[in-house]
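Reading the structure
The lines below spell out each chain.
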Amino acid sequence: MKNLINSLSIITVNLNNAEGLRKTIESVLVQSFINFEYIIIDGGSTDSSIDVIQYYSNSIHYWVSEKDNGIYHAMNKGILSAKGEYLLFLNSGDYLYTTNTLSDVFSIYHTEDFLCGSSVISKDDKVIHVTNPPEVHTFLAYYRATISHQATFIKRYLFNLYGLYREDFRYNSDWEFWIRTIILQNCSTRKLSVVICNYDLNGVSSINSESEEYKREVQEVLSIPLLQKFVPDYESQWQKKREMAPLYWVKSKKVLFKLISFLYKLAGYYNKVKNKIYY
């Protein structure tokens, strides 16, 4: 298999983010890996996004600009237009981390359903966090958490077999797809030791993670009958973990933990002395 090379479709969804789109396109076109097609689905932008797309149109395999029904509808349109073995969703404003990112990923031939890399999360050009995929993809890894959509390569056939992204979800359709495939269908995964992209924290899912609609979508997924066999146990453990979080934080601060331990012992000694004096 060493002579085989995986094919890839990169799908970028955009709406009125011309400068972010330009950054994304440029990060794709400078890749040293060339066995990919590039697809842009624009939601009918009214800024200069179309000018940006047309400027790079000779290097874009397919693009369209028309009103859609939301980000996941746009992604589904990209899926239906794609021909690659793997799909990568790189939204406008996000960009591939280095010029060799894709070459590093596809330096070997892959057969797994999901290739999961890391992403740098930034805001206002400042790094806030670096995501890392789990070693083992159990339900615990997805309960109250997720993997980076922009850093995950997905076998295209999975969408034919298990269905497209849910368009009735506004925020969590990618997470619902992980649950539907990785957890409930035991689809295969591979952890990549590669930073795939820089992720713009101003994305729609990030901004609205505390909204009621966001929470409703999460609860709808967790209400699947099979998941309800063990979700209550996970919720109980999660609550205990939250209650113990202050203690874990104190223990992580060695000097503070030693001080509190000393004060606790001192208080115990004081109580013993007081009891001897008064009793």
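Presented here is a report on the structure given in the accompanying data block. (Residues numbered from 1 in each chain as written. Predicted model: local features only at pLDDT ≥ 70, side-chain atom pairs only at ≥ 80, totals over all residues. Heavy atoms only, no water.)

**Remarks on the overall build of the protein**
The secondary structure content of the protein amounts to 11 helices and 9 strands. Taking all 279 residues of the protein together, 42% fall into the buried category. Of the contacts formed within the protein by residues at least 6 apart in sequence, a portion of 77% connects residues at least 24 apart. (Helix = DSSP H or I, 4+ residues; strand = E, 2+ residues; numbered from the N terminus. Buried < 20%, exposed > 50% of the residue type's maximum accessible area, 1.4 Å probe, protein only. Contact = heavy atoms within 4.5 Å.)

**Thoughts on the pattern of salt bridges**
Under the definition given, this model contains 10 salt bridges. D168 is the partner of R166 in a salt bridge, and the nearest nitrogen-oxygen pair spans 2.6 Å. For the salt bridge of E176 with R180, the shortest nitrogen-to-oxygen distance reads 2.6 Å. Taken together, the residues E176 and R180, both in helix α7 (residues 173-183) and 4 residues apart, mark about one turn of the helix. Across this residue pair, the class does not change: E176 and R180 are buried. Connected through salt bridges with shared partners, the residues R166, D168, R216 and E220 form a single ionic network. (Salt bridge = Lys/Arg side-chain N within 4 Å of Asp/Glu carboxyl O.)

**Topic: the pairing of strand β8 (residues 152-155)**
Because side chains alternate across β8, one face comprises the buried residues T152 and I154, and the other comprises F153 and K155, equally buried. In the sheet, strand β4 (residues 86-89) pairs with β8 via 2 bridges, with the strands oriented antiparallel. Bridge assignment links L87 to a residue of β8, and that residue is I154. Here strand β6 (residues 114-123) runs beside β8; their pairing, made up of 3 bridges, is antiparallel. Within β8, the residue paired with C116 across the bridge is T152. (Pairing = 2+ DSSP bridges.)

**Digging into the side chain of S173**
The residue S173 is located in helix α7 in this model. A distance of 2.7 Å separates the side chain of S173 from the backbone nitrogen of R166, its partner in a polar contact. Sequence-distant contacts of S173, that is, excluding residues within four places in its chain, are made with Y72, Y165 and R166. (Polar contact = N/O pair within 3.5 Å; in protein donor to acceptor, adjacent residues only side chain to side chain.)

**As for the packing of aromatic side chains**
For the coordinates displayed, the defined rule picks out 15 aromatic pairs. Consider the rings of F33 and F106, whose centres lie 5.2 Å apart with planes at 25 degrees: the pair is stacked. Placement of the pair is F33 in the loop between α1 (18-29) and β2 (36-42) and F106 in the loop between α4 (101-105) and β6, with a sequence separation of 73 residues. F106 matches F33 in its accessibility class, with the two residues each being buried. Among the aromatic residues, those joined into a ring-pair cluster are Y72, F89, F114, F159, Y165, F177 and W178. A cation over a ring is seen here: R166 above F169, with NZ or CZ 4.0 Å from the ring centre. (Phe/Tyr/Trp six-rings, centres within 6.5 Å; stacked < 30°, edge-to-face > 60°. Lys NZ or Arg CZ within 6 Å of the ring centre and 35° of its normal.)

**Regarding the nonpolar core**
In this structure, F89, F114, Y142, I154, Y165 and W178 are the most contacted members of the largest nonpolar core, which totals 36 residues. Per-element accounting of this core gives the leading share, 6 residues, to α7. Beyond its immediate stretch of four places on either side in the chain, F89 contacts I11, M75, I79, H149, Q150, I154, F159 and Y165. Counting 29 residues, the second largest nonpolar core, distinct from the first, contains A18, I25, I40 and I50. (Core = buried A, V, L, I, M, F, W, Y, C linked by side-chain atoms within 4.5 Å.)

**Considerations on the side chain of S119**
Positionally, S119 belongs in strand β6. A relative accessible area of 1% places S119 in the buried class. A polar side-chain atom of S119 sits 3.0 Å from a polar atom in the side chain of S148. Each residue touching S119, except ones within four places of it in the same chain, is listed here: H129, V130, T131, S148, A151, V195 and C197.

**A look at α1**
Think of an α-helix as 3.6 residues a turn; residues three or four steps apart then line up on the same face. The first and last C-alpha atoms of α1 sit 16 Å apart over 12 residues, in line with the 16 Å expected at 1.5 Å per residue. Listed in full, the buried residues belonging to α1 are A18, G20, L21, T24, I25, S27 and V28. Against the buried residues of α1 lie β1 (8-14), β2, α2 (49-55) and β5 (95-96). (Expected span 1.5 Å × (residues − 1).)

**Observations concerning unusual backbone geometry**
A positive phi angle, near 55 degrees, is found at N16, a position not held by glycine. Given a relative accessible area of 38%, N16 falls into the partly exposed group. One non-glycine residue, N186, adopts positive backbone phi at about 55 degrees. With respect to the element layout, N186 can be found in the loop between α7 and β9 (189-200). Judged by its relative accessible area of 66%, N186 falls in the exposed class.

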